[in-house]
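# A structural walkthrough
The residues making up each chain are set out below.
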Number of protein chains: 2
Amino acid sequence: MTVTTDTDALLSIGEVSERTGLPTHTLRFYEQEGLFAGPVRRNAAGRRMYSEEQAHWARVCTKLRSSGMPLPEIHRYVALVREGPGNEKERFAILREHENKVAQQVADLQEALAVIHTKVEIYEEALSAGTADQLWRDGPTCD
Amino acid sequence: MTVTTDTDALLSIGEVSERTGLPTHTLRFYEQEGLFAGPVRRNAAGRRMYSEEQAHWARVCTKLRSSGMPLPEIHRYVALVREGPGNEKERFAILREHENKVAQQVADLQEALAVIHTKVEIYEEALSAGTADQLWRDGPTCD
DNA sequence: CTTTGACTTCAAGTCGACTTCAACTCCTAG
DNA sequence: CTAGGAGTTGAAGTCGACTTGAAGTCAAAG
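None of these values were measured; they are calculated from a predicted model.

## What to know about the overall build of chain A
A tally of helices and strands in chain A yields five helices and three strands. In sequence order, chain A lays out its α and β elements as β-α-α-β-β-α-α-α. For chain A, buried positions account for 41% of its 143 residues. A separation of at least 24 residues holds for 47% of the contacts in chain A among residues at least 6 apart in sequence. A total accessible area of about 7900 Å² is found for chain A, and carbon and sulfur atoms account for 52% of it.

Spelled out as structure tokens, the structure:
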């Protein structure tokens, strides 16, 4: 539950960096790439001060990125947000499509995992049976 | 297509490419990077002829790669295989460690998926309730 | 007052894994 | 014989997403 926008404690770039795990350089880079819907405010000394919401969005961005959404597509989404109400369906489509892609990625990764695990098991068995040298006969037969 | 399915059923680079989904260029590149334990043989005309085993290994490579194993690490594994029997434990360690990494990747991806899905659900609800415009109040509150 | 450390800008460099290019050779079909 | 398609080589280019560098500003601590 988000509180009202009045008494928001603003966060320095270092604080946001700590919370998100993103290097400060990367936060500046993201801003430059237009990954924040609103402007990042500055204090009297010209330093960046992030709202809680912006910090949260940065955290979301780490998830979008780590799941393979390219920066331009995040930008596309943000651009729609910036435009204001009226394009929610488009925004939804971007998110849902990415969700599908990630689900596919998980499936692919699990398939790869199965292949790898098969090989691991073969080694486990051969090693405990002391027949590991037979894993090499006339080529990498080990599958 | 050259129909030589006689003796050891060697495969052309094009056939291996088709089976693995790897472009022929990439197969040559992998060979150059030392990703095959044995030599890739050549026919009279100097063209690559892969054994079934090599084709299979290439397929395994696609899984290792798609799960993020770097080429140098695949190379390290292959180098051990090339050395012959005696280092099975090391080979096993490489595989098992990668297996763990992939399991972690799956977990991370599922976490990201959860975050994304949460946002998707918020949009779904707001859209069906006709309150989508409220997703934008005074910032991207939508989480 | 000086140092420390976080911050600022803009520009250039890095990385892995291909991918593309250029310039061939070779085999088979028509 | 000629065209087409598959194959060969080494070198150079591409890509996204940072990352690093250079050169400076600012605020509080010792």
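## A closer look at the protein's contact with DNA strand D
Taken together, 19 residues form the shell around DNA strand D, and within it Tyr30(A), Arg65(A), Gly14(B), Arg28(B) and Arg48(B) come nearest. Each atom of DNA strand D within 4 Å of the protein was assigned to sugar, phosphate or base; sugar and phosphate come to 74%. Note that a phosphate oxygen of DNA strand D is positioned 2.7 Å from one of the side-chain N or O atoms of Arg65(A). At 2.7 Å, a side-chain N or O of Arg48(B) approaches a phosphate oxygen of DNA strand D. Where the surface near DNA strand D is concerned, the elements lending two or more residues are helix H2 (24-32) and helix H4 (71-83) of chain A together with helix H1 (13-20) of chain B. Top contributing element to the surface near DNA strand D by residue count: H2(A), with four residues. Tallied by class, the residues present in the surface near DNA strand D amount to eight nonpolar, five polar and six charged.

## Quick word on the relation of the copies chain A and chain B
Structural alignment of chain A on chain B gives an RMSD of 0.1 Å, achieved by rotating through 180° and translating 0.0 Å along the axis. Considering both components of the superposition, the chain copies are consistent with a two-fold axis. In terms of proximity to the rotation axis, the leading residue of chain A is Val106(A), whose C-alpha is 3.0 Å off the axis. Most of the interface of chain A is mirrored in chain B, where 96% of its interface residues again form contacts.

## A short note on the confidence of the model for chain A
All names here are of chain A. On average, residues of chain A score 87 in pLDDT, and 87% of them are at 70 or above. Within chain A, the element-level pLDDT minimum falls on strand E2 (residues 41-42), averaging 90, and the maximum on helix H5 (residues 88-129), averaging 95. In the predicted structure, residues 1-7 sits below a pLDDT of 50 and forms three contacts with residues beyond four places in sequence or in another chain.

## Considerations on the interface of chain A and chain B
Between chain A and chain B, the contact holds 50 residues from the first and 48 residues from the second. Buried area between chain A and chain B, both sides added, is near 4400 Å², and the carbon and sulfur share of it is 73%. For the interface between chain A and chain B, the tally reads two salt bridges. Taken together, chain A and chain B are joined by eight residue pairs in polar contact (both at pLDDT 80 or more). Looking at the side of chain A that touches chain B element by element, the count peaks at 25 residues for H5(A). Taken together, the residues that form the side of chain A that touches chain B break down as 25 nonpolar, 12 polar and 13 charged.

Cut-offs and rules
Along each chain, numbering runs from 1 in the same order as the chain's sequence is written. Each chain is given a letter, starting from A, and each ligand a number, starting from 1, according to the order in which they appear as written. Thresholds applied to this predicted model are a pLDDT of at least 70 for local features of residues and 80 or more for the giving and counting of side-chain atom pairs; totals over whole chains, interfaces and linings are not thresholded and use all residues. Side-chain descriptors were evaluated using all non-hydrogen atoms of the structure, hydrogens and water having been removed beforehand. The way it works is that DSSP assigns letters per residue, a run of H or I at least four long becomes a helix, a run of E at least two long becomes a strand, and they are numbered from the N terminus. A simple rule labels every residue: compare its accessible area, found with a 1.4 Å probe on the protein chains alone, to the largest value its type can have, and call it buried under 20%, exposed over 50%, or partly exposed in between. Contacts between residues were defined by any pair of non-hydrogen atoms, one from each residue, lying within 4.5 Å. Shrake-Rupley sampling with a 1.4 Å probe provides the accessible areas, and residues are treated as covered by the protein chains on show and by no other component. Whether a residue is near a molecule or strand depends on its heavy atoms: it is near if one of them lies within 4 Å of it. Each polar contact in these results corresponds to two N or O atoms within 3.5 Å; when the atoms are within protein, one needs to be able to donate a hydrogen and the other to accept it, and residues that are neighboring in sequence are counted only if both atoms are side-chain atoms. Gly falls in the polar group here, along with every residue not listed as nonpolar (Ala, Val, Leu, Ile, Met, Phe, Trp, Tyr, Cys, Pro) or charged (Asp, Glu, Lys, Arg). The copies were overlaid with a least-squares fit restricted to C-alpha atoms from residues scoring a pLDDT of at least 70 in each copy. Note: pLDDT gives the predictor's confidence per residue, expressed from 0 to 100. Buried area: the accessible surface (1.4 Å probe) lost by two parts on joining, summed over both. Salt bridges are defined as contacts in which a side-chain nitrogen from Lys or Arg sits within 4 Å of a carboxyl oxygen from Asp or Glu.

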